[in-house]
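Structural description and commentary
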2 protein chains.
Amino acid sequence: MDMEARGHSEHPQALRLWLRMLTLTQLVEKQVRTELRAQFETTLPRFDLMAQLERNPDGLKMNELSRRMMVTGGNVTGITDQLVNEGLVERVEVAGDRRAYRVRLTPRGRSLFGDMARQHENWIVAAFDGLSSSEVDALHRLLGKVKAHYKDTALETT
Amino acid sequence: MDMEARGHSEHPQALRLWLRMLTLTQLVEKQVRTELRAQFETTLPRFDLMAQLERNPDGLKMNELSRRMMVTGGNVTGITDQLVNEGLVERVEVAGDRRAYRVRLTPRGRSLFGDMARQHENWIVAAFDGLSSSEVDALHRLLGKVKAHYKDTALETT
DNA sequence: TATTGTTATACTCTATAACTATA
DNA sequence: TATAGTTATAGAGTATAACAATA
């Protein structure tokens with residue numbers, strides 16, 4: 001009877017963890033969206049796309065952006081179009097493949113993203129202010145473990 | 001110079017944690033949405049509303065649902081309408097206040113939600129399968145600490 | 001034939017604000 | 001006047017699928 005009790009009690013444990021993680025993420029995400037709109041008139045996907053480009057100064061192809069942002073290609077086209085219209089990113093031809101583009105930040109885009117990233121960092125630091133440095137590390141490590149294992153199993157479907 | 005070095009190095013730590021947490025949450029959430037649609041032809045907000053009602057067998061008022069689901073009132077009306085049309089929830093009059101309703105699961109809704117919740121639990125348990133029981137606890141505790149502190153500070157704006 | 005990227009479309013979720021009915 | 005809930009609207013954000021150009 002120990003086993004039965006254990007079998008039933010272990011599941012809600014993971015479930016409670018998930019609900020807490022989901023709620024917290026939504027809370028922080030909602031605040032980030034609100035602040036991005038209020039202070040910079042932009043959205044999280046747009047910020048995310050620019051963040052990807054900031055990490056890759058040579059630019060990224062559309063399909064690379066699509067994979068990293070975890071959305072389908074059509075959406076990346078739409079977001080990129082907006083940012084191109086505002087002069088924040090540009091499409092550069094790829095030598096040797098006339099189908100593909102490489103999207104990268106313009107100087108103005110890089111500068112604006114710098115401002116946004118500084119603010120964004122402040123919001124995030126404030127959100128995790130309740131944890132000590134070693135607790136942040138512990139959390140980071142535990143989530144990394146989940147992610148590594150999850151990748152292995154969940155992506156079998158692909 | 002120790003202080004300056006510390007000041008600069010602490011921020012990316014929280015930032016890396018946030019990015020990892022956001023990515024992981026999106027990964028799990030996306031899978032849950034896909035499975036809910038494939039197996040039950042439903043969505044996460046609908047599942048969420050039913051989950052709230054399952055925890056409150058006497059039902060919840062619209063504004064209580066709105067607060068718990070962290071969305072504004074109009075949206076709750078729309079989702080509730082859908083579920084009423086499918087016979088999964090019902091609006092019950094509140095004695096003493098003819099403005100208010102109490103929304104609760106119908107027997108059919110409760111039964112269907114049971115099926116969904118069992119599957120949902122399996123997906124979540126699988127997602128966190130890489131962690132031991134004590135690691136799940138540790139993660140749960142750390143996130144609770146973030147949430148508690150975050151609530152105190154972030155909601156000052158309200 | 002396969003791949004890169006775009007276009008067209010439709011649907012869900014969301015916030016905002018004006019509104020009705022009741023307190 | 002304030003509160004409970006609805007309605008109307010507009011805008012993100014997303015996936016799907018058909019398409020054009022190139023490989």
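Description of the domain arrangement of chain A
Here the domain parsing of chain A yields domain 1 (2-127) and domain 2 (130-158). Between the C-alpha centres of domain 1 of chain A and domain 2 of chain A the distance comes to 18 Å.

A word on the interface of chain A and chain B
Contacts between the two partners involve 50 residues from chain A, matched on the other side by 50 residues from chain B. Both faces considered, chain A and chain B share a buried interface measuring about 5,800 Å² in area, 72% of it formed by carbon and sulfur atoms. Put simply, chain A and chain B have two salt bridges between them. With a shortest N-O distance of 2.7 Å, E135 of chain B and K145 of chain A are connected by a salt bridge. The tally of links between chain A and chain B comes to 13 residue pairs in polar contact (both at pLDDT 80 or more). Mapped by element, the contributors of at least two residues to the side of chain A that touches chain B are α1 (2-40), α5 (107-127) and α6 (133-154) of chain A. Of the residues forming the side of chain A that touches chain B, the biggest block, 21 residues, is contributed by α1 of chain A. Broken down by class, the residue content of the side of chain A that touches chain B amounts to 25 nonpolar, 13 polar and 12 charged.

A look at the side chain of Q52 of chain B
Mapped onto the fold, Q52 of chain B is located in helix α2 (residues 44-55). Given a relative accessible area of 8%, Q52 of chain B falls into the buried group.

What to know about the packing of aromatic side chains
All names here are of chain A. Overall, the coordinates contain two aromatic pairs over all chains when judged by the stated rule. Taken together, a centroid distance of 5.2 Å and an interplanar angle of 35° make the contact between F47 and F113 tilted. Taken as a pair, F47 in helix α2 (residues 44-55) and F113 in helix α5 lie far apart in primary sequence, 66 residues in all. Accessibility assignment for this pair places F47 and F113 in one class, buried.

A few points about the protein's contact with DNA strand C
Close to DNA strand C lie 20 residues, the nearest being T77 and R99 of chain A together with T43, N75 and R98 of chain B. Here DNA strand C approaches the protein such that, of its atoms within 4 Å, sugar and phosphate make up 72%. In the environment of DNA strand C, a base oxygen lies 2.5 Å from a nitrogen or oxygen atom belonging to the side chain of R99 of chain A. In the environment of DNA strand C, a phosphate oxygen lies 2.4 Å from a nitrogen or oxygen atom belonging to the side chain of T43 of chain B. Among the secondary structure elements, those contributing two or more residues to the surface near DNA strand C are α3 (62-69) and α4 (73-85) of chain A. For the surface near DNA strand C, the leading source of residues is α4 of chain A, giving three residues. Across the surface near DNA strand C, the residue classes break down as five nonpolar, seven polar and eight charged.

Reading the values: the criteria
Residues numbered from 1 in each chain as written. Chains lettered and ligands numbered in written order. Predicted model: local features only at pLDDT ≥ 70, side-chain atom pairs only at ≥ 80, totals over all residues. Heavy atoms only, no water. Domains from an automatic or database assignment. Contact = heavy atoms within 4.5 Å. Buried area = accessible area lost by both parts, 1.4 Å probe. Salt bridge = Lys/Arg side-chain N within 4 Å of Asp/Glu carboxyl O. Polar contact = N/O pair within 3.5 Å; in protein donor to acceptor, adjacent residues only side chain to side chain. Helix = DSSP H or I, 4+ residues; strand = E, 2+ residues; numbered from the N terminus. Nonpolar A, V, L, I, M, F, W, Y, C, P; charged D, E, K, R; others polar. Buried < 20%, exposed > 50% of the residue type's maximum accessible area, 1.4 Å probe, protein only. Phe/Tyr/Trp six-rings, centres within 6.5 Å; stacked < 30°, edge-to-face > 60°. Near = heavy atom within 4 Å.

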